[in-house]
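# A closer look at the structure
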Amino acid sequence: MAKKGKKTKKGSGKDDGLTLIASYKRAYRDYEILATYEAGMVLTGSEVKSLREGNAQIAEGYARVRRGEMWLDGIHIPPYTNAIGFGAHEPNRERKLLLNRAEIDKLDARTAQGGLTIVPLRLYWKDGRAKLEIGLAKGRTKGDKRQNLAERDHDREIETAFNRAAKYDNA
């Protein structure tokens, strides 16, 4: 007789089928993220297998529009351990990003104005496909970073004070 137990659907729960491969958390400190977009990536077979092992570094990456297409440069996906010779890929090659025409045109127009760049924020699996979250970002100066840190500390102190007041009012 078969075991009876709870059956769960694949992808149910908090993460909605997302499996994080790599993230660039420091981007939120170094840049002011104005807008985010989800893009697919054109990958070779050995790159996909390497990503399945959880290998990628996106901290030095950036994206740009060239000839009406979005290209990602500066990320490092190490070669798959079992791919030798012909099956291996170059770790630092440019990779094409898949976005809608309207999104590419909008990003191209915004970055052409100057002062804005496109940075990768997260690389993850979504429904078996590698996706990249990119952000339209404006660089922060050292003073801006300090001001942002001070604002976060101030907000945290206010929230702590509210929580204390709520805790002792109910008692």
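Residues numbered from 1 in each chain as written. Predicted model: local features only at pLDDT ≥ 70, side-chain atom pairs only at ≥ 80, totals over all residues. Heavy atoms only, no water.

## Quick look at the side chain of Ser 50
Along the chain, Ser 50 falls in helix α2 (residues 45-52). Beyond its immediate sequence surroundings of up to four residues, Ser 50 is in contact with Asn 55, Ile 77, Pro 78, Pro 79 and Tyr 80. (Helix = DSSP H or I, 4+ residues; strand = E, 2+ residues; numbered from the N terminus. Contact = heavy atoms within 4.5 Å.)

## Points about the nonpolar core
Ranked by size, the top nonpolar core spans 30 residues in total, and within it Leu 51, Met 70, Leu 97, Leu 99, Leu 107, Leu 123 and Ile 134 carry the most contacts. When residues of this core are traced back to their parent elements, those giving at least two are β1 (18-23), β2 (31-41), β4 (69-73), α3 (101-112), β6 (116-126) and β7 (129-139). Among the elements that line this core, the one with the most residues is β6, at six residues. Each residue touching Ile 134, except ones within four places of it in the same chain, is listed here: Ala 35, Thr 36, Tyr 37, Leu 97, Leu 99, Leu 107, Ile 118, Val 119, Pro 120 and Leu 121. (Core = buried A, V, L, I, M, F, W, Y, C linked by side-chain atoms within 4.5 Å. Buried < 20%, exposed > 50% of the residue type's maximum accessible area, 1.4 Å probe, protein only.)

## Describing the side chain of Arg 95
Positionally, Arg 95 belongs in strand β5 (residues 95-98). Side chain to side chain, Arg 95 and Glu 47 meet in a polar contact 2.9 Å long. Within polar-contact distance, the side chain of Arg 95 engages the backbone oxygen of Arg 93 at 2.8 Å. (Polar contact = N/O pair within 3.5 Å; in protein donor to acceptor, adjacent residues only side chain to side chain.)

## Some details on the packing of aromatic side chains
Taken as a whole and judged by the stated rule, the model has zero aromatic pairs. When the ring centre of Trp 125 is taken as origin, the NZ or CZ atom of Arg 52, which lies over that ring, is 3.9 Å away. Taking the ring centre of Trp 71 as reference, the NZ or CZ of Arg 66 above it sits at 5.2 Å. (Phe/Tyr/Trp six-rings, centres within 6.5 Å; stacked < 30°, edge-to-face > 60°. Lys NZ or Arg CZ within 6 Å of the ring centre and 35° of its normal.)

## Points about the pattern of salt bridges
Taken as a whole and assessed by the stated rule, the structure comprises twelve salt bridges. The closest approach of N and O atoms between Arg 29 and Asp 30, which form a salt bridge, is 3.4 Å. Taking relative accessible area as the criterion, Arg 29 reaches 39% and is therefore assigned partly exposed. Arg 101 is the salt-bridge partner of Asp 105, the closest N and O atoms lying 3.7 Å from each other. (Salt bridge = Lys/Arg side-chain N within 4 Å of Asp/Glu carboxyl O.)

Read these as layout, nothing more, since geometry by itself doesn't imply function.
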